[in-house]
Amino acid sequence: LLVEDLKLLMTAIELKVFNQLSESKSAVEVAEAIEGHPQNTMLFLNGLATCGLLTKDDGFYKNSPIAQAFLAEGGPTYLGDGFISQDEMSRKMFRDLGRLVKEGPRPSDYDNSSSEGEWARFATWMANCERAGVAQQMSDIVSELPEFSSFRKMLDLGGGPGIFGIAMVGRHPSMSGVIFDRQPVVEVAEGFIKE
């Protein structure tokens, strides 16, 4: 993505534009919903349409299939929170990039003190990413290993929300799995396992 395209995407996620466009709407309707300036909202929506994230038909905008699947909140493959988290991490890294190149990392660069709520949110958006196809791809690769049929147990260290583990065990009827991670993440995984 170009920097400009990325900024359009991130702004649309932050303003929850994709939540408004599961059905066709005019720029004025979207502007009212997001409390935006009507003319600038129209220009913004045109930019998103140019990127292929929206379709535009006779002055009405609607999510493209990709935007609907991955950028409208509420779906099982919503990735917006993940993009926001990645953007925050990238900004922090790039803000200190010169120092990191010259001096290397400091102990404070490895701050691992996120709250339990942050870990649970991270696990939830990671699950959406994994459900978007990555877990299926991974289980396809692993299940093709010659020794896969002889596996009886699987330990997934840092298993996150458990979607990879669920996919692997699902491909092998007699294998059991254990997912190991931080407590708030395990609680998220338990929910997916119960499903």
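A. Representation of the overall build of the protein chain in the model. A tally of helices and strands in the protein chain yields 10 helices and five strands. Relative to the 2.2 N^0.38 estimate, which gives 16 Å for 195 residues, the radius of gyration of the protein chain is 21 Å and therefore markedly larger than a compact globule would have. With the C-alpha coordinates aligned to their principal axes, the bounding extent of the protein chain is approximately 60 × 45 × 30 Å. Counting contacts in the protein chain only where the partners sit at least 6 residues apart, residues at least 24 apart contribute 58% of the total. A total accessible area of about 12,200 Å² is found for the protein chain, and carbon and sulfur atoms account for 58% of it. Side chains of the protein chain carry 18 positive and 28 negative charges; the gap between the two charge centres is 4 Å.

B. How the structure looks around the pairing of strand 2 (residues 54–57). With four bridges joining them, strand 2 and strand 3 (residues 60–63) adopt antiparallel strand pairing. Along strand 3, the bridge assignment pairs lysine 56 with tyrosine 61. Linking strand 2 to strand 3, which pair antiparallel, is a turn of two residues; within it aspartate 58 sits at a positive phi near 55 degrees.

C. Broad picture of the pattern of salt bridges. A full pass over the atoms with the stated rule returns four salt bridges. Ionic pairing is found between glutamate 73 and lysine 16, a salt bridge with its closest N-O pair at 2.8 Å. With glutamate 73 in the loop between helix 5 (65–71) and helix 6 (80–95) and lysine 16 in the loop between helix 1 (3–14) and helix 2 (17–20), this pair connects stretches of sequence that are 57 residues apart. Linking arginine 171 and aspartate 140 is a salt bridge whose minimum nitrogen-to-oxygen distance equals 2.4 Å. Of this pair, arginine 171 sits in the loop between helix 9 (163–170) and strand 5 (176–180) while aspartate 140 sits in helix 8 (residues 116–143), placing them 31 residues apart in sequence. We classify arginine 171 as partly exposed; its relative accessible area is 36%.

D. How the structure looks around the side chain of histidine 172. Assignment of secondary structure puts histidine 172 in the loop between helix 9 and strand 5. For histidine 172, a relative accessible area of 5% gives the class buried. Of note is the side chain of histidine 172, whose polar atom sits 3.2 Å from the backbone oxygen of serine 149. Among the polar contacts made by the side chain of histidine 172, one reaches the main-chain carbonyl oxygen of phenylalanine 151 at a distance of 2.9 Å. Ignoring sequence-local partners within four residues, the contact set of histidine 172 consists of Phe148, Ser149, Ser150, Phe151 and Arg152.

E. Examining the packing of helix 8 against helix 10 (residues 183–194) more closely. Axis separation between helix 8 and helix 10 bottoms out at 8 Å; the angle between their running directions is 40 degrees. Here helix 8 is positioned oblique relative to helix 10, judged by the angle of their axes. When the axes of helix 8 and helix 10 are compared, the crossing they make is right-handed. Contacts between helix 8 and helix 10 involve Glu116, Trp119, Ala120, Ala123, Thr124, Ala127 and Arg131 on the former and, on the latter, Pro184, Val185, Val188 and Phe192. Of the residues belonging to the contact of helix 8 with helix 10, the class tally is eight nonpolar, one polar and two charged.

F. Structural view of helix 9. Turning to helix 9, its buried residues number three or more, namely Ile163, Gly165, Ala167 and Met168. Contacts made by the buried residues of helix 9 are with helix 8, strand 4 (153–157) and helix 10.

G. Structural view of helix 3 (residues 27–34). Among all positions in helix 3, only Ala27, Val30, Ala31 and Ile34 are buried. Buried residues of helix 3, seen end-on, are gathered within an arc of 100 degrees and therefore sit on one face of the element. Looking at the buried residues of helix 3, the elements they touch are helix 2, strand 1 (25–26), helix 4 (38–50) and strand 3. With its phi angle positive at about 60 degrees, glutamate 35 sits one or two positions after the end of helix 3.

H. Molecular detail of the nonpolar core. Grouped together as the largest cluster of nonpolar side chains are 19 residues, with contacts concentrated most on Val17, Phe18, Leu45 and Leu48. For this core, the secondary-structure elements that each account for two or more residues are helix 1, helix 2, helix 3, helix 4 and helix 5. A per-element tally of this core places helix 1 first, with four residues. Discounting chain neighbours no more than four positions away, the residues touching leucine 48 are Leu8, Leu9, Ala12, Val17, Phe18, Leu53 and Leu54. Of all hydrophobic cores here, the second largest spans nine residues; its members include Ala135, Val185, Val188 and Phe192.

Parameters at a glance
- Residues numbered from 1 in each chain as written.
- Predicted model: local features only at pLDDT ≥ 70, side-chain atom pairs only at ≥ 80, totals over all residues.
- Heavy atoms only, no water.
- Helix = DSSP H or I, 4+ residues; strand = E, 2+ residues; numbered from the N terminus.
- Rg over C-alpha atoms; globule rule 2.2 N^0.38 Å.
- Contact = heavy atoms within 4.5 Å.
- Areas by Shrake-Rupley, 256 points an atom, 1.4 Å probe, with all protein chains shown as cover.
- Lys, Arg positive; Asp, Glu negative; His and termini not counted.
- Charge placed at Lys NZ, Arg CZ, Asp CG, Glu CD.
- Pairing = 2+ DSSP bridges.
- Salt bridge = Lys/Arg side-chain N within 4 Å of Asp/Glu carboxyl O.
- Buried < 20%, exposed > 50% of the residue type's maximum accessible area, 1.4 Å probe, protein only.
- Polar contact = N/O pair within 3.5 Å; in protein donor to acceptor, adjacent residues only side chain to side chain.
- Axes fitted to C-alpha atoms, helices over the stretch in contact; angles between N-to-C directions.
- Parallel < 35°, antiparallel > 145°, perpendicular 65-115°, else oblique.
- Left-handed = near helix turned anticlockwise from the far one by under 90°.
- Nonpolar A, V, L, I, M, F, W, Y, C, P; charged D, E, K, R; others polar.
- Arc of directions from axis to C-beta.
- Core = buried A, V, L, I, M, F, W, Y, C linked by side-chain atoms within 4.5 Å.

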